[in-house]
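Spelled out from the first residue to the last, the chains are:
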Amino acid sequence: MNDEIEREMAVVRQLTSSNRMRDALAKCQRLVADHPDAFDPLFHLAALYLLTDPKRAVTYLERAHAADPGHFETLTLLARANERVNDWPAARKWAQIVLDAEPSNVHGLAAMAAAQVEDGRAEEAVALIEENFKPGGPDAMADAAVYERLGRAREVMKDYRGAFDAFMSGNRIIQHSHADHIAGAAQIAGPPALERVTQFYQDLPVQPVPEPIDDLPDPAFLLGFPRSGTTLLENILAAHPRVETTDERPLLDPIANAAGSTQQSLSRFFAASDEELRRMRHWYWQNARKGPPPAGHVFVDKQPSNTIWLGLIAKVFPRARILFAVRDPRDVLLSNLFLTFDANPFGLHMLSPRDAAGYYGQVMTAGQAALRAFPGLAVHPVRYEYVVDDWEGEARAALDFLGAGWDDSVLNYRETLSQRRISTPSARQVTKPVYTSAREKWRRYDFVFEGIRDRLDPWTNHWGYPGWDA
């Protein structure tokens, strides 16, 4: 590596360590353009893309491998990235190369086990992990990912208690290794912040829908709770030629950061002048897509965790249309518990049944308190169970609500998935035909809810789901 690239890569690493990912990505892209065969920029660019755009990561990893075929970490990332994009032959190929060199490599084990489960060879996946997995390495998230694959395999084998034990083993690793982050996450969107936001919404008098303050359109929002079918719905809607969706980009974050979560900061926010609100609306559209969408097009901001900011949405975008995803809270809870999230504020509250049930209740309470304060907000519930029974009918109703109307291209939504970026953990499921096997999955894991049923009862009743013994 020449001196110029080395200096520039030092800057990229500094930007990355400072969490300035956008700046690091831009600098890396320029370096790759200027030095297309240089390994270091290619590898670092691929690593930056891995979490947000794994398809693009694969492209740069293949180029990095061509530049330095002996670089072992490139091989491990190729296994991981191809698993993320559901390219199972490639995932198996790279995972096997990794495991031939290092049989206990956690990335190779995770990718190979996932491929074996996908092939219907769950018993082989369990044997592979049990014979070779040595937890306690330097990458806690990778260890947790292996336990998640073990849980998946045991679930396929109908060993539900064994599957739950595996999933929770991974969660405990994350909980232990990210203990410091959990306290910080609580300040951002954890229980104390949610209690303050909910109390503020509850104390607000009922708000009328104000007169328009500018000519900008309001976006639509796809909210609810993660693992309620939002990624499936988003990708069905995105097949419509006049609908644009976002793949969980943090577009509302600047507005949420401006509002804060204290009584004083929220009071200031809700007292914003029309001029201040106009600036926020302009900021949003510039950040989202460098300006509002063309007339007749619908922009859907899909970020289910923004449910806690429903009041802010109503204040800044009073004519927004809200698609609210609903799913049996017990299935939502299991689905979140059984996924290895990145160490983000949401995922760090999804590590134990009790914490997850409590957090679900707090998020939903905040959302319902905002809807009480803003009854003029247009909301259309989309129930997951109805989508898996009749996805076309539910899509038609949602598109009518959004004002886009029907287009037959939506019928072929799965054909467009290969062209779309799906960065959420649901990517593996969304690429498959709509299936019903995840409905009432909680009945197979009834033992998980011992001692926490009272936390979920208000919400199963609220959404109209059957009781525990029904």
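Provided above is the structure to which this section pertains.
Quick look at the structure, then. Keep in mind the model is a prediction, meaning the values are calculated, not measured. (Residues numbered from 1 in each chain as written. Predicted model: local features only at pLDDT ≥ 70, side-chain atom pairs only at ≥ 80, totals over all residues. Heavy atoms only, no water.)

Where helix 12 (residues 191-203) meets helix 19 (residues 353-373), the closest approach of the two axes is 8 Å, and the angle between their N-to-C directions is 20 degrees. If you check the angle between helix 12 and helix 19, you find them roughly parallel. For the pair helix 12 and helix 19, the crossing hand works out as left-handed. Each of Pro-191, Leu-194, Glu-195, Thr-198, Tyr-201 and Gln-202 in helix 12 lies in contact with helix 19, whose residues at this interface are Tyr-359, Gln-362, Val-363, Thr-365, Ala-366, Ala-369, Ala-370, Arg-372 and Ala-373. Per-class residue counts for the contact of helix 12 with helix 19 are 9 nonpolar, 4 polar and 2 charged. (Axes fitted to C-alpha atoms, helices over the stretch in contact; angles between N-to-C directions. Helix = DSSP H or I, 4+ residues; strand = E, 2+ residues; numbered from the N terminus. Parallel < 35°, antiparallel > 145°, perpendicular 65-115°, else oblique. Left-handed = near helix turned anticlockwise from the far one by under 90°. Contact = heavy atoms within 4.5 Å. Nonpolar A, V, L, I, M, F, W, Y, C, P; charged D, E, K, R; others polar.)

Given a rise of 1.5 Å per residue, 15 residues ought to cover 21 Å, and the 21 Å separating the end C-alpha atoms of helix 1 (residues 3-17) matches this to within 8%. Among all positions of helix 1, only Ile-5, Met-9, Val-12 and Leu-15 are buried. For helix 1, the angular spread of the buried residues around the axis is 115 degrees, confining them to a single face. Exposed and oriented more than 90 degrees from the buried face of helix 1 are Asp-3, Arg-7, Gln-14 and Ser-17. On its buried side, helix 1 packs onto helix 2 (21-34) and helix 3 (39-49). With a side-chain oxygen positioned 3.1 Å from the backbone nitrogen of Glu-4, the residue opening helix 1 is Asn-2. (Expected span 1.5 Å × (residues − 1). Buried < 20%, exposed > 50% of the residue type's maximum accessible area, 1.4 Å probe, protein only. Arc of directions from axis to C-beta. Polar contact = N/O pair within 3.5 Å; in protein donor to acceptor, adjacent residues only side chain to side chain.)

Right, let's get into the sheet that holds strand 4 (residues 321-326). Overall, parallel pairing links the 5 strands, which are arranged 2-3-1-4-5 in an open sheet. In the strand order of this sheet, the two ends are held by strand 2 (243-245) and strand 5 (378-383), each with one partner. Mean inter-strand twist for the sheet, computed between neighbouring axes without regard to direction, equals 25 degrees. Here 3 bridges tie strand 1 (residues 220-223) to strand 3 (residues 298-302), and the two strands are oriented parallel to one another. Looking across to strand 3, one finds that Phe-221 is bridged to Asp-301. Against the sheet, helix 16 (residues 274-289) touches strand 1, strand 2 and strand 3, its axis set at about 85 degrees to strand 3. (Pairing = 2+ DSSP bridges.)

Size it by volume and the second largest pocket reaches roughly 350 Å³. Lining the second largest pocket are 22 residues, with Pro-210, Ala-314, Lys-315, Pro-318 and Arg-319 positioned closest to its centre. Elements represented by at least two residues in the lining of the second largest pocket include exactly helix 16 and helix 17 (310-316). Across the lining of the second largest pocket, the residue classes break down as 13 nonpolar, 2 polar and 7 charged. (1 Å grid on protein atoms, 1.4 Å probe; cavity = no way out; pocket = protein on both sides within 12 Å on 5 of 7 lines; lining within 4 Å. Points joined across faces, edges and corners; volume = space filled by probe spheres on them.)

Below, the discussion takes up the nonpolar core. With 72 residues, the main nonpolar core has Tyr-284 and Leu-312 as its most contacted residues. Here this core takes 11 residues from helix 19, the largest share from any one element. (Core = buried A, V, L, I, M, F, W, Y, C linked by side-chain atoms within 4.5 Å.)

As enumerated under the stated definition, the model contains 24 salt bridges in all. Residue Asp-119 pairs with Arg-121 through a salt bridge whose shortest N-O separation is 3.2 Å. Here the residues in one salt-bridge network are Glu-83, Glu-148, Arg-149 and Arg-152, joined through shared partners. (Salt bridge = Lys/Arg side-chain N within 4 Å of Asp/Glu carboxyl O.)

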